[in-house]
Amino acid sequence: MSAPDPQTQAQIERLLRELAPQVLGAVTRRCGDFAAAEDAVQQALIAAAERWPGEGVPEEPRAWLVRVASRRVIDHVRAETARRRREELVVSLVPAEDQLAQAAGDDDGGDDTLVLLVMCCHPALSPASAIALTLRAVGGLTTAEIARAFLVPEATMAQRISRAKQSIKASGVPFALPAAEQWAERLAAVLHVLYLMFNEGYASSGPELTRVDLSSEAMRLVRMLHRLVPDDGEVMGLLALMLLTDARRAARTGPAGELIPLDEQDRGRWDRAAIAEGVALVTAALPRGAVGAYQLQAAIAAVHDEAPSADATDWPQILALYSLLLQMSDNPMVALNHAIALAMVRGPAAGLERLDALALDARLAEHHRVDAVRGHLLERAGDRAAAQQHYRRAADRTTSTPERDYLLMKAARLDER
Amino acid sequence: MKYMLMMHTPAGGPYQIARWPQQDIQAHIAFMKNFAKALGASGELVAAEGLAGPDQARRVQAGSDGKPITDGVFPEAKEFLAGYWIVDVDRPERAYEIAAQASAAPGQGGKPLNLVIEVREVMSAPRDPAE
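Procedures and definitions
- Residues numbered from 1 in each chain as written.
- Chains lettered and ligands numbered in written order.
- Predicted model: local features only at pLDDT ≥ 70, side-chain atom pairs only at ≥ 80, totals over all residues.
- Helix = DSSP H or I, 4+ residues; strand = E, 2+ residues; numbered from the N terminus.
- Buried ≥ 20, exposed ≤ 12 C-beta atoms within 10 Å, placed from the backbone.
- Contact = placed C-beta atoms within 7 Å.
- Axes fitted to C-alpha atoms, helices over the stretch in contact; angles between N-to-C directions.
- Pairing = 2+ DSSP bridges.
- pLDDT = per-residue confidence, 0-100.
- Nonpolar A, V, L, I, M, F, W, Y, C, P; charged D, E, K, R; others polar.

**Student:** What is the right way to look at the overall build of chain A in this model?
**Tutor:** Of regular secondary structure, chain A possesses 22 helices and zero strands. With respect to the principal axes defined by its C-alpha atoms, chain A has extents near 80 × 55 × 40 Å. Split into buried and exposed, the 417 residues of chain A put 43% on the buried side. Contacts in chain A between residues at least 24 apart in sequence constitute 62% of all its contacts with a sequence separation of at least 6.

**Student:** I'm lost on the overall build of chain B in this one. Help?
**Tutor:** Each helix and strand in chain B was counted, giving two helices and six strands. N-terminal to C-terminal, the α/β element order of chain B is β-α-β-β-β-β-α-β. Counting all 131 residues of chain B, 15% fall into the buried class. Look at the contacts in chain B between residues 6 or more apart in sequence, and 72% of them connect residues 24 or more apart.

**Student:** For this particular structure, what's the right way to read the packing of helix H2 (residues 34–55) of chain A against helix H9 (residues 154–171) of chain A?
**Tutor:** Axes are the key here: two packed helices are described by the angle between their axes and the distance separating the axes. Packing of H2 of chain A against H9 of chain A brings their axes to within 9 Å, and their N-to-C directions diverge by 150 degrees. Two secondary-structure elements touch here, H2 of chain A through Phe 34, Ala 35 and Glu 38 of chain A and H9 of chain A through Lys 165, Ile 168 and Lys 169 of chain A.

**Student:** What is the right way to read the environment of Arg 346 of chain A from this model?
**Tutor:** Residue and element names in this part refer to chain A. Its location among the elements puts Arg 346 in helix H17 (residues 332–346). Judged by the 15 C-beta atoms lying within 10 Å of it, Arg 346 is partly exposed. In the structure, Arg 346 is positioned 32 residues away from Leu 378 in sequence and 14 Å away in space, judged by C-alpha atoms.

**Student:** How do you make sense of the pairing of strand E5 (residues 79–88) of chain B when you look at a structure like this?
**Tutor:** Put simply, side chains in a regular strand alternate between the two faces of the sheet. All names here are of chain B. As paired strands, strand E1 (residues 2–10) and E5 are joined by nine bridges and run antiparallel to one another. Bridge pairing links Met 4 to Ile 86 in E5. Where strand E2 (residues 45–50) and E5 come together, five bridges link them in antiparallel fashion. Note on E5: the bridge partner recorded for Glu 49 is Tyr 84.

**Student:** Just checking my understanding: could you explain the confidence of the model for chain B for this structure?
**Tutor:** It should be kept in mind that the predicted coordinates are not to be read in detail where pLDDT is low. Here chain B averages 82 in pLDDT, while 86% of its residues score no lower than 70. Scoring of the predicted complex yields 0.82 for pTM and 0.72 for ipTM.

**Student:** I'm lost on unusual backbone geometry in this one. Help?
**Tutor:** Most of the time, phi is negative for any residue but glycine, and the peptide bond is trans. All names here are of chain B. Positive phi, normally seen in glycine, also occurs at Asn 114, with a value near 50 degrees. Considering the arrangement of structural elements, one finds Asn 114 in the loop between helix H2 (92–103) and strand E6 (117–121). With 11 C-beta atoms packed within 10 Å, Asn 114 lands in the exposed category.

**Student:** I keep staring at the interface of chain A and chain B and nothing clicks. Help me out?
**Tutor:** On the side of chain B, 16 residues touch chain A, which itself brings 15 residues to the contact. Contributions of two or more residues to the side of chain A that touches chain B are made by helix H21 (384–397) and helix H22 (401–413) of chain A. Broken down by element, the residue count for the side of chain A that touches chain B peaks at seven residues, all from H22 of chain A. Residues belonging to the side of chain A that touches chain B are distributed by class as follows: six nonpolar, two polar and seven charged.

Set out below in structure tokens:
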């Protein structure tokens, strides 16, 4: 058998990723055991990835996957039943196989995908577990791929996912959308997990060639969510925020992987198409009424992205948006960004004064970013010795290598001017 | 066989690299990046991590109740672990060679730092005596 060309391979992979949550939804719905269905679908996906490139994609790929996965579930249940002597389950499940494959063609799987997403982002799970489970169950990634993306051994990731599934099982949530009165809260949990997934990818800009890029995966999932609940302003806001942030990706790091801050980036390298899409989304979302935190953050990103240069940025507008955001959430990082915006509008002294007040917040007192910001503002105010001292303190405290290198360079540069 | 190469840097103020001129810092960072890349390319790199500064470190001991007692930083330490590499090599001498390269990372004015690198074999399953 000749090796299939990479393009076919990529097409098959995309198709499998697209179908994964639909197949899992169908299988879970019918067998009622999410954990078993999830394992079975993972096996079916691996089987398809091995066979389709050589044998060709079956006429009805979704039905094929549901059939193979269902067979695995039945095998699993049989084995379990033999162990536990629960014959009645077999009786009800065995004839279901044909039914399963057939029923899967009935709807487009959209509702099931949404149910899965909400389930995987269950508030009972830690964010790290929810991200991993979402990537596997909804994103259709293999455990090995997820492990690589997080730079942990595969066995560690397998364990994390398996424990997450057990927690969901133990919580006894039915495979259905949450009740109306819980919907807002559960959707917020989904958005939070996807936001963290995006940040994980955005922050870990290591030189390693991970095939799976967490930021892109988070965007793909939010896009999918946006298709499923097109009228939700915060879903739109989050998608816009990701697009507007990711648009700067190419300009964000230098040739050696070093960090380039927003004001020093080559704006010609920003992705204009992504910016246009993000701006259009946030513009459509904002007038819808109840403005949420993601929409505000997206609006701030949009102001940055639309500015022709750092100096020409509309800082008064950014300050106003941060003030709104600050009223909405008691987040120390928002408060810090608000102080920066304040300094940009009213001068470094105003920003430093605000910073002094913020440093009293226990959550910020030891945070390296306070020192980094103080360094920036002191440098702007012309106090180079003090600026240097704070850059170095920040460098000592950060746990990110690119950030530490950046801060060290900032401090060193002040010696040479 | 796997070896852990641990890089120690003298105390006396965390990250003295912070006092270097810009170009020396740049050269040092570039060296470390290329070093990791070369080890990856030779197929010998298992893992490498730089560690956060000693400001972030805590000493932990179990108390009589088994609960952790954390202590601040280590003010008395003469040097601290700054980072490590785990390499998979076929003989100990190769691990020493790699350690020597890391030790000679450029410092201020491009002069080799000659930092102490502690080389420890990583425990593994017993080796086949016929090997």
